[in-house]
Amino acid sequence: MGQFSGGCYLSFGVLVLLASRVPATSARGPRGESLQHGQSGTLPHFLEEPVDAYIVKSNPIKLRCQARPALQIFFKCNGEWVHQSQHMSQEHTDMGTGLKIREVMINVSRQQVEDFHGPEDYWCLCVAWSHLGTSKSRKATVRIAYLRKNFEQDPQGTEVPLNGMIVLHCRPPEGVPVAEVEWLKNEEPLTSEGVADTRGDHNLIISEARLSDSGNYTCVASNIVAKRRSATATVVVYVNGGWSSWTDWSPCNVRCGRGVQKRSRTCTNPAPLNGGAFCEGMSVQKSTCNTLCPVDGGWGEWSEWSVCSSDCERQRSRECTAPEPKHGGRLCDGVALATDNCTGGLCTQNRKLLHDVKPQGVENSSDVALYSGLAAGVVTVVLLIIAVTLYRRSQSEYGVDVIDSSALTGGFQSFSFKTSRQANPLLINSSMQPDLTVSRTYTSPMCFQDSIDKELMAERSLLDPLPDLKVKGVAERAEYHVMSHPQTFPRGLAPDYRAVGTTLGRRGKNLFTPQVSLTPSRPLHKATAVFGHAGGRLVVPNTGISLLVPHGGIAEDTTWEMYMVINQEDSSTVSEEEAEIFLSPAVTYGPPGLDLSCPIAMTIAHCAEVAADNWTIRLKRQTQDNKWEEVMSVDEESTSCYCLLEAQRCHVLLEHPGRYSLVGEPLNQEAAKRLRLAVFGSPDTSNSLGFTLRVYCVDDTPHAFQEVAVGERSRGGRLLEEPKMMLFRGNTFSLQVSIQDVPQLLWSIKPFTTCQEFSFSQVWASNQRPLQCAFSLERYSHSSSQLSCKISIRQVKGEEQILQVYTSVVENEKGVVPFFTQSDCTITSQTGSRAFKIPLSIRQRISATFDTANAKGKDWQLLAQKLHIDRNLCYFACQESPSSVILSLWEVQHQDSGDLDSLASALEEISKVQSPRTATLGCSREERDSEFTKVG
């Protein structure tokens, strides 16, 4: 390559002169000139012409021009020649043709372009000379490149249904050169895959939206200067809910008479997604049904006696037609054909009365059968005696070691205190009402079933603990005596009910004052009974609260009248810092001077959500100055008491009477307690067209909901939907209750009452007190007999539950059916062997086996491990009979089910253990008492 060199400035005249001298030179050396410049008849041909260019920031650009053959090449910009000093030229020889090629370059600065003010853009071209003339190149424009910051139109977020069209508009900022546009989805370049269409106007179009098209979209504009991003547009592809097909109609819920059948559908075809609308309409349809009642058959009249036959017999018959059995009714009992001797025994045959005539050989065969039967009976008795003797010998070592769990099943007597109903039947139906006293959520026994005089159960005075009324438990049944029991308490002790200091509900009256007047529908939150050496169980009906007194806990020849009371606390917090809240009712058991040789087992229902470790739960006891002091933390070790926490209840082993409660301290905002939600309705007594809906939010314990049920029964209210459970979290957000989907053409509601709100503190520290809000509706005419709507209960930034209301107002007005289809349970105690799952003899054998470790290491620690009671073992080590206390805890765990399989399985596993256990635990009673003294 040759070096660039500057040439002298040539004017147009000089160029003409140079051109006129070319022929002479040619004449002097035609051959040499031809080799140097090519054929004389060729004009310059441009091998490279200047191209359009952009100045980025302050960087100058270069314009390049190349031609052959060419004597000179000069640039001309905006109609003026560029000074020769600004040209940079070079020459080199084409190796293929031997011709010389001239190349020229110039620089164009930003200042030159900015100083030019012409009707068009700054331009330059180059002119090349040869022997025959000149050639001009194309014009090349030079522009200053830029890209403004702001988009002329940003894309906007949108929500589109599934398979709808998505259109996102984008107009990039003004720029030179014009900016190119690309789309990002979730910060990744968008690949159309045949779905997205990016038009020339830079808009993004998706003709059929898919769920995967939801995301954050960004329009990006760029040129040689810069790259700009638009605002992000969020696209949501939603799915509106669709109803599934109706299920088949359920069977009529009653076996006889008028009932209800229903069918349902779910909003799952498809389910609402990404904020799509919920299905409109009812999810449940209910219809009345009539089931034909069974008709038991009845005998008709006997027919006349037939004529006496040759056998001296006559017959008569009757038919089962008065009435005929129908619809599954029972057939008639008895015979349809009767036979009688028609001569009164005087009809003879072979000189003998007819009934004395026997076939030949009958007497002999009867004797043989008689003797054979006697012989078989003797043999059976002998074999039975031998079998029993062998069995007793084989089990003689049972008190040393439990090796066969099958021995339990023969000794246990199954006893179920009450079978909990699985659901509230006929909800929303106006002709029959569910039993609100029992819910399928709670499996703890609500009361005992026993045979008792119905008239005594109806007496109000039966349930009032007046001085002349005592309740004495017997081993086989519960008996009520109206006589005082002089030996109920040890000398010098009396039942001090004044120390209880509790109120029923919010009436503010002492439970144990004789002046209290209670209606039969008001639940009595107390229970009292007399217990002796045999022990027993005490239950506060329909509250989930019970007490187990173990056998032998009370000394022989001594009885105690014990009681349990549920207290309604005045304060919702248990500490000045207000960090703790009550999670259960406050329960008092006594009397204060109660002296037992082993701990009692108390079961208390609570409302904490314990699935996650978001709580610190403590058992607290109220002192004489009405302050609450900690007895123990559920998660810690203690020798003063024992707590076994389950999902909905807590079992506590206690030795000192008093008032106890479970309190909780949330560790974070994820801590939650369970709320029970229910909606009731009743006609407005002051307005024939009015109807009132009452929504309750209560702690999810049987006792708290019992208050609601009793109050609604007194109002004539009706449960309109199965109660639901909701988790209320400690995130300081309130609870909102709203009514939705009220038929506006049929019903009206007072303005500004469709949404009501409870503050966080009201719900969080409600302390078993029900929270209520009401919605007053009015129909436009009496012909509107149906009411359908939804009740939404939601915590802000939390869970939401929907209560579906569908009821007939006309039937409600005809008459209110009581809530409780079964009579309220009033039997609260059971004493003796019937109160325990494990028979006393087997319980004593198990305790004797495991209280002392044997050579095989089968001690009470192994028993606790197999029964899944493997924490806080120091408490059991402090007991006189650890195995007996463990079995008491097992009793209260399984009080509502007669299942003995878990205990039998545990003993069977223990029987297979071979290696001895060496670790032992122990403590003294003084240590246990001193620890409780520090706490209490």
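Before going into details, it helps to say that this report is about the structure given with it. (Residues numbered from 1 in each chain as written. Predicted model: local features only at pLDDT ≥ 70, side-chain atom pairs only at ≥ 80, totals over all residues. Heavy atoms only, no water.)

Following the criterion strictly, the structure yields eight disulfides and no others. A disulfide bridge connects Cys65 with Cys126, and the sulfur atoms are separated by 1.9 Å. Because the sign of the S-S torsion sets the handedness, a value of about 55° for the bond joining Cys65 and Cys126 places this disulfide among the right-handed ones. Of the two residues, Cys65 is situated in strand 3 (residues 61-68) and Cys126 in strand 8 (residues 122-129); the sequence distance between them amounts to 61 residues. Judged on exposure class, the residue Cys65 and its partner Cys126 are both buried. (Disulfide = S-S within 2.5 Å. Helix = DSSP H or I, 4+ residues; strand = E, 2+ residues; numbered from the N terminus. Buried < 20%, exposed > 50% of the residue type's maximum accessible area, 1.4 Å probe, protein only.)

Moving on, we get to the nonpolar core. Counting 69 residues, the largest nonpolar core has Tyr589, Leu619, Leu693, Ile791 and Ile793 as its most contacted members. In this structure Ile791 touches Val679, Leu693, Val695, Val737, Ser738, Ile739, Phe775, Gln801, Ile802, Leu803 and Val805, once residues within four positions along its chain are discounted. One finds Leu548, Phe850, Tyr875 and Leu900 within the second-largest nonpolar core, a separate group that totals 33 residues. (Core = buried A, V, L, I, M, F, W, Y, C linked by side-chain atoms within 4.5 Å. Contact = heavy atoms within 4.5 Å.)

Tallying each qualifying case throughout the model produces 15 aromatic pairs. Measuring from centroid to centroid gives 6.3 Å for Phe728 and Trp764, while their planes differ by 40°, and the two rings are tilted. Placement of the pair is Phe728 in strand 45 (residues 724-729) and Trp764 in helix 9 (residues 760-764), with a sequence separation of 36 residues. Trp764 sits in the buried class, given a relative accessible area of 8%. Between the aromatic rings of Phe760 and Trp764, the centroid separation amounts to 5.5 Å while the plane-to-plane angle is 20°, which identifies the pairing as stacked. Placement of the pair is Phe760 and Trp764 together in helix 9, with a separation of four residues, close to one helical turn. The same class applies to Phe760 as to Trp764, namely buried. Of the aromatic side chains, those joined through ring pairs into one cluster are Trp615, Phe728, Phe760 and Trp764. (Phe/Tyr/Trp six-rings, centres within 6.5 Å; stacked < 30°, edge-to-face > 60°.)

To continue, consider the packing of helix 11 (residues 840-850) against helix 14 (residues 882-893). At a closest axis distance of 8 Å, the pairing of helix 11 and helix 14 adopts a crossing angle of 135°. Between helix 11 and helix 14, the interaxial angle falls into the category oblique. Along its contact with helix 11, which presents Arg843, Ile846, Ser847 and Phe850, the element helix 14 presents Ser883, Ser884, Leu887, Ser888 and Glu891. Across the contact of helix 11 with helix 14, the residue classes break down as three nonpolar, four polar and two charged. (Axes fitted to C-alpha atoms, helices over the stretch in contact; angles between N-to-C directions. Parallel < 35°, antiparallel > 145°, perpendicular 65-115°, else oblique. Nonpolar A, V, L, I, M, F, W, Y, C, P; charged D, E, K, R; others polar.)

Pro69 follows Arg68 through a cis peptide bond whose omega is -20°. Mapping Pro69 onto the fold places it in the loop between strand 3 and strand 4 (72-77). Looking along the chain, the bond that leaves Gly590 and enters Pro591 is cis, with omega of 20°. Summarising the element assignment, Pro591 is placed in the loop between strand 35 (586-590) and strand 36 (600-605). Phi angles above zero are rare outside glycine, and Cys312 is one such case at about 65°. Note that Cys312 resides in the loop between strand 23 (284-291) and strand 24 (313-317). Here the phi dihedral of His327 falls at roughly 55°; this positive angle occurs in a residue that is not glycine. Its location among the elements puts His327 in the loop between strand 24 and strand 25 (337-341). Owing to a relative accessible area of 44%, His327 belongs among the partly exposed residues under this scheme.

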